[in-house]
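So you can see what is in the structure, the chains are spelled out below.
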Number of protein chains: 2
Amino acid sequence: METQLSPGDLDPPIRIAVIDDHPLLRDGIVAVLGTQPDLELVGTGEDGEAAVRIYREQRPDVMLLDLQMPNVDGVEAMTRILAEFPEARILVLTTYSGDGRATQAIKAGASGYLLKNSLRTELLDAIRSIHRGGTHFDRQVFGAADREAKRLTARESDVLELAAAGNSNKQIAARLSLSEDTVKGYMKAIFARLGAMDRTHAVAIAVRNGLIEL
Amino acid sequence: METQLSPGDLDPPIRIAVIDDHPLLRDGIVAVLGTQPDLELVGTGEDGEAAVRIYREQRPDVMLLDLQMPNVDGVEAMTRILAEFPEARILVLTTYSGDGRATQAIKAGASGYLLKNSLRTELLDAIRSIHRGGTHFDRQVFGAADREAKRLTARESDVLELAAAGNSNKQIAARLSLSEDTVKGYMKAIFARLGAMDRTHAVAIAVRNGLIEL
DNA sequence: GAACAATCCCCTCTTTCGGGGGGAATTGCC
DNA sequence: GGCAATTCCCCCCGAAAGAGGGGATTGTTC
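A quick note: this is a predicted structure, and the numbers were derived from the prediction, not measured.

Visitor: Help me understand the protein's contact with DNA strand D in this model?
Guide: In the neighbourhood of DNA strand D, 18 residues make up the surrounding shell, with Thr153, Arg155, Thr182 and Tyr186 of chain A together with Arg199 of chain B lying closest. A breakdown of the atoms of DNA strand D within 4 Å of the protein gives sugar and phosphate a share of 76%. At 2.8 Å from a phosphate oxygen of DNA strand D is found a side-chain nitrogen or oxygen belonging to Arg155 of chain A. One of the side-chain nitrogen or oxygen atoms of Thr182 of chain A is found 2.9 Å away from a phosphate oxygen of DNA strand D. Among the elements that make up the surface near DNA strand D, the one with the highest residue count is helix 9 (residues 180–194) of chain A (four residues). Tallied by class, residues from the surface near DNA strand D come to four nonpolar, five polar and nine charged.

Here you go:
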């Protein structure tokens, strides 16, 4: 591949890796990328481990990374990659507009955030924007602006998960070896964080935001 | 080795329509179909209305249909199509292995059920199997076997959704113009159906089984 | 027309929840 | 060092929830 040939449109292609655990969706993205002459696919994978390995081997210009994956998840993989390659440019993909991990992903250093139900033009815009050194954060994900607060501490998650399983505060206290009052304290903190009316509402919000496992 | 007319294939291609609200996934499926000479794409759409319209216009041999879609959802679209074309062969796609609508879809007359994280070979097998008049039901979707019982009536869903939104029984009663006691009666029925300990547990179970919208 | 599911209503009783206060130890970070 | 966040604990109290009964009315299905 020659160098000095052209300005503008004959730049070297943007090298891209795609990590997602859904084969069909992965193929869809690959198909979209294939229609663009300025984009080159250099690797695909289906979990966080593959993401790290592929990044090391290929050093893609942009990595598309799903958040919800088996084994090593997206946030973890991204953290590892950025620790090793701080210049890495990662575009995070997710299914839910209210995914609680969005904030984590941003803090971990993602260059962009895109919903999976985006149009192909949005995907392409996001890739090129990020490659140019910009960012691309889907409005739907952060439009609400109150997403920041929707995060739970490990202990709060424990409490809320047990509540979701049908335990009373007393039972939760017994299970976690706490006093019932302490559990109540956590519940109060959870309501405040999530803006929930009661424990039932809190579980609904937490599930919608991917904060607890059912 | 070949018969008379067509330069290549013996049988006419299987005509397929793809309905899914995620453009990227849709493109992925289309891309997979494009690699198979015996399959022909005759239409795509992103909601239940489009599904019905495309079925009427194209009469595809097999329709791939997502369950969770805006406006008219998958089950509703399928019901309408099958009412008009009882011979229609529909392969239902879904994201979650525990989707409660799976049962509804089967009852409504789906010819097959497939998880979105299937491999492309599974998708192709399912399409061909269904076209031959067979069925294809992903084991992961129906493994649990106790899904049957996990169903709510329309009114129960209304009540539980309002509960999930943080409403008290009194508030739910006001919203639905019922007495508080009636709402309590529904809650009792919901607990019994779902095997839930309390309203919080019920919401968690209902969400996991795709019985309510958050 | 009997059986059934779904829908709706009413009562009492005890437990639980959640709001309102408060404090205190530990950690990490600037 | 200071300071914020996290984790943990305690009090009171009114309102809500849930368990236990009891019904009635529609439909549909067999």
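Visitor: What is the right way to look at the relation of the copies chain B and chain A in this model?
Guide: Note: a rotation about an axis with an accompanying shift along it relates these two copies of the chain. After a rotation of 180 degrees and a shift along the axis of 0.1 Å, chain B superposes on chain A with an RMSD of 1.3 Å. Here the copies are linked by what is in effect a two-fold axis. Within chain B, the C-alpha atom positioned nearest to the axis of rotation is that of Gly28 of chain B, 1.4 Å from it.

Visitor: Would you mind going over the environment of Arg56 of chain A with me for this structure?
Guide: All names here are of chain A. Relative to the helices and strands, Arg56 is located in helix 2 (residues 48–58). By relative accessible area, Arg56 is classed as partly exposed at 45%. Put simply, Arg56 and Ile81 are 25 residues apart on the chain and 8.2 Å apart in space, counted from C-alpha to C-alpha. With sequence-adjacent residues up to four places away left out, Arg56 is seen in contact with Glu84 and Phe85. Of the polar contacts made by the side chain of Arg56, one reaches the side chain of Glu84; its length is 2.7 Å.

Visitor: In this structure, what is going on with the nonpolar core? I would like to understand it.
Guide: One recurring pattern in soluble globular proteins is that nonpolar side chains are buried together. Formed by 44 residues in total, the largest nonpolar core has its most connected members in Leu160 and Leu194 of chain A together with Leu160 and Leu194 of chain B. Counting residues in each nonpolar core, the second largest holds 38 residues, with Ile14 and Leu93 of chain A together with Leu64 and Leu93 of chain B among its members.

Visitor: Teacher, can you tell me more about the protein's contact with DNA strand C here?
Guide: The full set close to DNA strand C counts 18 residues, and Lys188 and Arg199 of chain A together with Thr153, Thr182 and Tyr186 of chain B are the nearest of them. In DNA strand C, atoms within 4 Å of the protein come 71% from sugar and phosphate. One of the side-chain N or O atoms of Lys188 of chain A is found 2.8 Å from a base oxygen in DNA strand C. Here a phosphate oxygen of DNA strand C and a side-chain polar atom of Arg199 of chain A are 2.8 Å apart. Listing elements by their share of the surface near DNA strand C, those giving two or more residues are helix 8 (169–176) and helix 9 of chain A together with helix 9 (180–194) of chain B.

About the cut-offs
One numbering rule holds for all chains: residues counted from 1, following each sequence as written. Written order decides the labels, with chains lettered from A and ligands numbered from 1. In view of the model being predicted, local features appear only for residues whose pLDDT reaches at least 70, and side-chain atom pairs are presented and counted only at 80 or more, with totals across whole chains, interfaces and linings using the full set of residues. Side-chain descriptors were evaluated using all non-hydrogen atoms of the structure, hydrogens and water having been removed beforehand. Near is defined per residue: the residue qualifies when any heavy atom it owns lies within 4 Å of the molecule or strand. For the purposes of these results, a polar contact is taken to be a pair of N or O atoms within 3.5 Å, where, inside protein, one atom must be able to donate a hydrogen and its partner to accept one; residues adjacent in sequence count only when each atom of the pair is a side-chain atom. A run of H or I in DSSP becomes a helix once it reaches four residues, and a run of E becomes a strand once it reaches two; helices and strands are each numbered from the N terminus. Under the scheme applied here, ten amino acids are nonpolar (Ala, Val, Leu, Ile, Met, Phe, Trp, Tyr, Cys and Pro), four are charged (Asp, Glu, Lys and Arg), and all others, including Gly, are polar. The fit set for superposing copies consists of C-alpha atoms from residues with pLDDT of at least 70 in both; the fit itself is least squares. In this scheme, a residue with accessible area under 20% of its type's maximum is buried, one over 50% is exposed, and one in between is partly exposed, where area comes from a 1.4 Å probe on protein chains only. Every residue pair with non-hydrogen atoms within 4.5 Å of one another is taken to be in contact. The definition of a nonpolar core used throughout is a set of buried Ala, Val, Leu, Ile, Met, Phe, Trp, Tyr and Cys residues joined through side-chain atoms within 4.5 Å.

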